[in-house]
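Commentary on secondary and tertiary structure
Read off the chains here:
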Amino acid sequence: MVTVKGKNIEKLKKGDKLKIDGTEMEIDAHYVMIDHGKTKEMAIECFDPKKDEDFQIRYFNDNVELSLEFYKLEEIVYNKIEVKKIEF
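Not measured: the values here are computed from a predicted model.

**Topic: the overall build of the protein chain**
When its secondary structure is counted, the protein chain shows 1 helix and 8 strands. Mapped in sequence order, the helices and strands of the protein chain form the string β-β-β-β-β-α-β-β-β. Computed over C-alpha atoms, the radius of gyration of the protein chain comes to 12 Å, within 12% of the 12 Å expected from 2.2 N^0.38 for 88 residues, which places it in the range of a compact globule. Here the protein chain holds 88 residues, and 32% of them are scored as buried. When contacts within the protein chain are restricted to residue pairs at least 6 apart in sequence, long-range pairs at least 24 apart make up 36% of them. The distance from the centre of the 16 positive side-chain charges to the centre of the 20 negative ones in the protein chain is 6 Å.

Here you go:
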């Protein structure tokens, strides 16, 4: 399970900074992937400006801590990777 340190992940937007396992990243986009009616599957696209790598955080807005997953863009596919801590 990922430790989430911060409040109101829903309010993060383009240009905001966050840390993934101590690495500072910048948010490029934050949007609804799928609206399931009672809940929304959200995506935050972010990048590491030092390594020029792209990532995506996915979560359900009604259960952030238990649903949060982190992905790295490799070629044209986001592959899930394990992280321990997200701070914003």
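**Looking at the packing of aromatic side chains**
For the coordinates displayed, the defined rule picks out 1 aromatic pair. Ring geometry for F55 and F70: centres 5.2 Å apart, planes at 15°, overall stacked. You can see F55 sitting in strand 5 (residues 53–60) and its partner F70 sitting in strand 6 (residues 69–74), a full 15 residues away along the chain. We classify F55 as buried; its relative accessible area is 6%. Look at F70 and you get buried, because its relative accessible area is 3%.

**Concerning the pairing of strand 6**
Bridge count between strand 5 and strand 6: 4 bridges; the pairing is antiparallel. Bridged to F55 within strand 6 is K72. Bridging between strand 6 and strand 7 (residues 77–81) involves 5 bridges; their strand directions are antiparallel. The partner of E74 across the bridge, within strand 7, is V77. Between strand 6 and strand 7, which pair antiparallel and follow one another directly, the connecting turn spans 2 residues, one of which, E75, has a positive phi of 65°.

Reading the values: rules and limits
- Residues numbered from 1 in each chain as written.
- Predicted model: local features only at pLDDT ≥ 70, side-chain atom pairs only at ≥ 80, totals over all residues.
- Heavy atoms only, no water.
- Helix = DSSP H or I, 4+ residues; strand = E, 2+ residues; numbered from the N terminus.
- Rg over C-alpha atoms; globule rule 2.2 N^0.38 Å.
- Buried < 20%, exposed > 50% of the residue type's maximum accessible area, 1.4 Å probe, protein only.
- Contact = heavy atoms within 4.5 Å.
- Lys, Arg positive; Asp, Glu negative; His and termini not counted.
- Charge placed at Lys NZ, Arg CZ, Asp CG, Glu CD.
- Phe/Tyr/Trp six-rings, centres within 6.5 Å; stacked < 30°, edge-to-face > 60°.
- Pairing = 2+ DSSP bridges.

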